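The lines below spell out each chain.
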Amino acid sequence: MNAPTTRRLTVAQALVEFLAHQYTERDGRRHRLINACWGIFGHGNVAGLGQALLESGAASRRGETPGAPVLPYLQGRNEQAMVHAAVGYARQCDRLSAHAVTTSIGPGATNLVTGAALATVNRLPVLLLPGDTFATRPADPVLQQLEVPQAGDVSVNDALRPVSRYFDRVTRPEALIPAALQAMRVLADPVDTGAVTLALPQDVQAEAYDWPEEFFADRVWRVTRPLPDADALADAVRAIRGARRPLLIAGGGVHHSEAEDALCAFADATGIPVASTQAGKGSLRYDHPADIGGIGHTGTATADALAREADLVIGVGTRYTDFTTASATLFAAPGVRFVNLNIAPFDSHKLGAASLVADARAGLEALTKELSGHRVDAAYEAGYGAAKADWERRVDAAFGAADDSVRPSQTQVLGALDALVDDTDIILNAAGSLPGDLHKLWRARSRRQYHLEYGYSCMGYEIPGAIGVRMAAPDRPVWALVGDGTYLMNPTEIVTAVQEGIPINLVLIQNHGYASIGGLSQATGGERFGTDYRFRAADGTYTGAPLPVDLAANAASLGMHVLRAATVGELRAALAEARGANRPTCVYVETETADTVPGAPEAQAWWDVPVAETATRPAAVAAREAYDRHAAGRRRHL
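Reference entry: report on the structure contained in this document. (Residues numbered from 1 in each chain as written. Predicted model: local features only at pLDDT ≥ 70, side-chain atom pairs only at ≥ 80, totals over all residues. Heavy atoms only, no water.)

Let us look at the overall build of the protein. A tally of regular secondary structure across the protein gives 24 helices and 23 strands. For the protein, the spread of C-alpha atoms along the three principal axes comes to 75 × 70 × 55 Å. For the protein, buried positions account for 56% of its 638 residues. Pairs at least 24 apart in sequence give 76% of the contacts found in the protein among residues at least 6 apart. (Helix = DSSP H or I, 4+ residues; strand = E, 2+ residues; numbered from the N terminus. Buried < 20%, exposed > 50% of the residue type's maximum accessible area, 1.4 Å probe, protein only. Contact = heavy atoms within 4.5 Å.)

What follows is the structure, given as structure tokens:
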């Protein structure tokens, strides 16, 4: 009998080789699971993973490995931003492909925490490979080591445990084998996926071991489409047939499952209106008769009015965040019931729902088949159709500008972009006042056109996220919409886009502060305290003149081509030029602070942000009175 063959490699080299042979497969299509590795090197990973990635590429150049490097390397500028880029890539790839991120120990590793939380909250796969302190402890402490007197095995990487879906510290070479296999299992699992962390002590990374060749064999992780249980399906069909005012809410799971066509077929067959969460927007085209736009705190008047009157809510692939439910005040009809189709049992049971645990596409196809011949009442369909048409007229009015020579409002910036793009463009945003405007107003034309990171709503996601999206969709124009507050958080990956020749488009909106939180502060009695970018006034508040910063000059100094637009007409011309550019391009525009977002008190959906129960300032007293009125409308759906 032949002895098992082995290969002598360092732990880092073995991990790189292993990752090159991992694949996902869904519907007969195979995808490489880890397509590249982002990295910033320091003493915790430079001689381990850094050397292994170099050797991977060098082997390719020497002809030892044909084609591209075993694991392509991407250079980042900020560890958090590298995770954001990886997350943008994974989402655009429907979670079937992902990136790895390696950092040194110390601040490089802790900088991963925010990105890891974002990935896990949004259930998007990313593999984190932070360096760690010595497993053998030849010198204790080493540079950047956190000393914990009561626990010698703790390092700063333990901060990643609560924000990771899987965490392991590889303290021996042979421990990499089970750890790496578990990591791939979680990354490829549509229920459990998120940030996966393998902490790698710097001495172990460089240690050699005789690895079994089977470890490096191609391995396929099949992403299945679980079908709904027959009894649960029958219960759901019975509930839908018995409803007079049903409403479907499309969440991010529709996109992750590539279930858009199945949802369209369901809506065509039943006439049930479809509202969308931030993650689910674009599940139907905006001009589909059943699409009624965003729902919840930032939803359309049409969707929120239907939600208040719905007797059955069908959630598909949604987590039901407080923005979607208007902090448990939106679904107000007596006796309203829920049917939840979700691949994750944790989410399918929310709001006391009839649970349908299944893949979104498979579940929608099953529902459509079992509901054959069923359609909502014609009057209900006509009513929401008329409301949808009225809302579109209000959006047209908000997007338009009477005079091309005036400074645009933020909604008019969106209107100029809306008039320019087609089905191929991708719009990306995460934080500030833009998410609310986009959820209400944007007309999504295709699947994955609308890319809002609103699970964690992380300032600084937009620019690196756009890089990841453009890498996954190299033939589609990608627009990162960024306010001045977000830009100042994390502009550094502009340098990465320039270096790699990734032609993202940045729309940089200057409104001199945190517009979204400023509005929230005013609504909750905070009087916009600390939310404006201005000089201090005599009374100590930041209410003086605007700061003389030039963010356009800053973007240009980082290598971006910058187009300044002072008027609506100049904005339209600049956006058109940017869309045709083949290099990273920034359109800089200063907007009017007064905006034209359509809305009315009856169309507003509440968001629970507690207000001071006792206060002396009149604004806070009035805000608390309003808070108590809204809070009285909360209910538990059991």
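With that settled, consider the sheet that holds strand β5 (residues 73-75). Within the open sheet, the six strands sit side by side as β5-β4-β6-β7-β9-β8. Their pairing is parallel. Looking along the sheet, the strands with just one partner apiece sit at the ends: β5 and β8 (166-169). This sheet shows a mean twist of 20° between the axes of neighbouring strands, independent of strand direction. As judged from the three bridges shared by strand β4 (residues 34-39) and β5, these two strands associate in the parallel manner. Paired with Gly 39 across the strands is Gln 75, a residue of β5. (Pairing = 2+ DSSP bridges. Axes fitted to C-alpha atoms, helices over the stretch in contact; angles between N-to-C directions.)

Right, let's talk about helix α24 (residues 618-631) for a bit. Given a rise of 1.5 Å per residue, 14 residues ought to cover 20 Å, and the 20 Å separating the end C-alpha atoms of α24 matches this to within 8%. Lining the buried residues of α24 we find α21 (515-523). (Expected span 1.5 Å × (residues − 1).)

Before going further, it helps to spend a moment on the pattern of salt bridges. Within the structure shown, the criterion is met by 38 salt bridges. For Asp 347, the salt bridge identified is with Arg 123, shortest N-O distance 2.2 Å. Placement of the pair is Asp 347 in helix α13 (residues 345-348) and Arg 123 in the loop between α5 (112-122) and β7 (126-132), with a sequence separation of 224 residues. Residue Asp 158 pairs with Arg 169 through a salt bridge whose shortest N-O separation is 2.8 Å. Linking Asp 158 in the loop between β7 and β8 with Arg 169 in strand β8, this pair joins segments that are 11 residues apart in sequence. Exposure remark for Arg 169: the relative accessible area of 16% places this residue in the buried category. A network of salt bridges, in which partner residues are shared, links Asp 27, Arg 225, Asp 359, Arg 361 and Glu 365. (Salt bridge = Lys/Arg side-chain N within 4 Å of Asp/Glu carboxyl O.)

At a closest axis distance of 8 Å, the pairing of helix α18 (residues 462-472) and helix α20 (residues 493-500) adopts a crossing angle of 25°. Judged on the interaxial angle alone, α20 and α18 are roughly parallel. Contacts from Ile 463, Pro 464 and Ile 467 in α18 reach Glu 493, Ile 494, Thr 496 and Ala 497 in α20. Broken down by class, the residue content of the contact of α18 with α20 amounts to five nonpolar, one polar and one charged. (Parallel < 35°, antiparallel > 145°, perpendicular 65-115°, else oblique. Nonpolar A, V, L, I, M, F, W, Y, C, P; charged D, E, K, R; others polar.)

Considering the arrangement of structural elements, one finds Asn 429 in strand β18 (residues 426-429). Along the primary structure Asn 429 and Gln 499 are separated by 70 residues, whereas in three dimensions their C-alpha atoms are 23 Å apart. Apart from the residues within four sequence positions on either side, Asn 429 is in contact with Leu 434, Pro 435, Leu 438, His 451, Leu 452, Glu 453, Glu 462 and Leu 481. A polar contact of 3.4 Å, which involves the side chain of Asn 429, links it to the side chain of Glu 462. (Polar contact = N/O pair within 3.5 Å; in protein donor to acceptor, adjacent residues only side chain to side chain.)

What follows covers the pairing of strand β9 (residues 195-201). The buried fraction of β9 is high, at seven of seven residues. Covered by surrounding structure in β9 are Ala 195, Thr 197, Ala 199 and Pro 201 together with Val 196, Leu 198 and Leu 200, the residues of both alternating faces. Pairing between β7 and β9: five bridges, direction parallel. The partner of Asp 132 across the bridge, within β9, is Pro 201. Summarising the sheet, β8 and β9 pair through four bridges and their orientation is parallel. Bridge assignment links Tyr 166 to a residue of β9, and that residue is Val 196. Tracing the backbone out of β8, into helix α6 (residues 176-188) and back to the parallel element β9 gives a crossover that is right-handed. (Right-handed = clockwise from strand over helix to strand, strands pointing away.)

A separate point is a nonpolar patch on the surface. Side chains of Phe 41, Val 46 and Tyr 73 sit close together on the surface and give an oily, nonpolar patch of about 240 Å² of accessible area. Considering the arrangement of structural elements, one finds Val 46 in helix α2 (residues 46-61). A relative accessible area of 43% places Val 46 in the partly exposed class. (Patch = residues over 30% accessible without salt bridge, like charges linked within 9 Å, V, L, I, M, F, W, Y side chains within 5 Å. Areas by Shrake-Rupley, 256 points an atom, 1.4 Å probe, with all protein chains shown as cover.)

Turning next to the packing of aromatic side chains. Tallied over the full model, the rule gives 12 aromatic pairs. Here Phe 18 and Phe 215 contribute two aromatic rings whose centre-to-centre distance is 4.5 Å and whose plane-to-plane angle is 15°, an arrangement assigned as stacked. Placement of the pair is Phe 18 in helix α1 (residues 11-19) and Phe 215 in the loop between β10 (208-212) and β11 (219-222), with a sequence separation of 197 residues. In terms of burial, Phe 18 and Phe 215 fall into one category: buried. (Phe/Tyr/Trp six-rings, centres within 6.5 Å; stacked < 30°, edge-to-face > 60°.)

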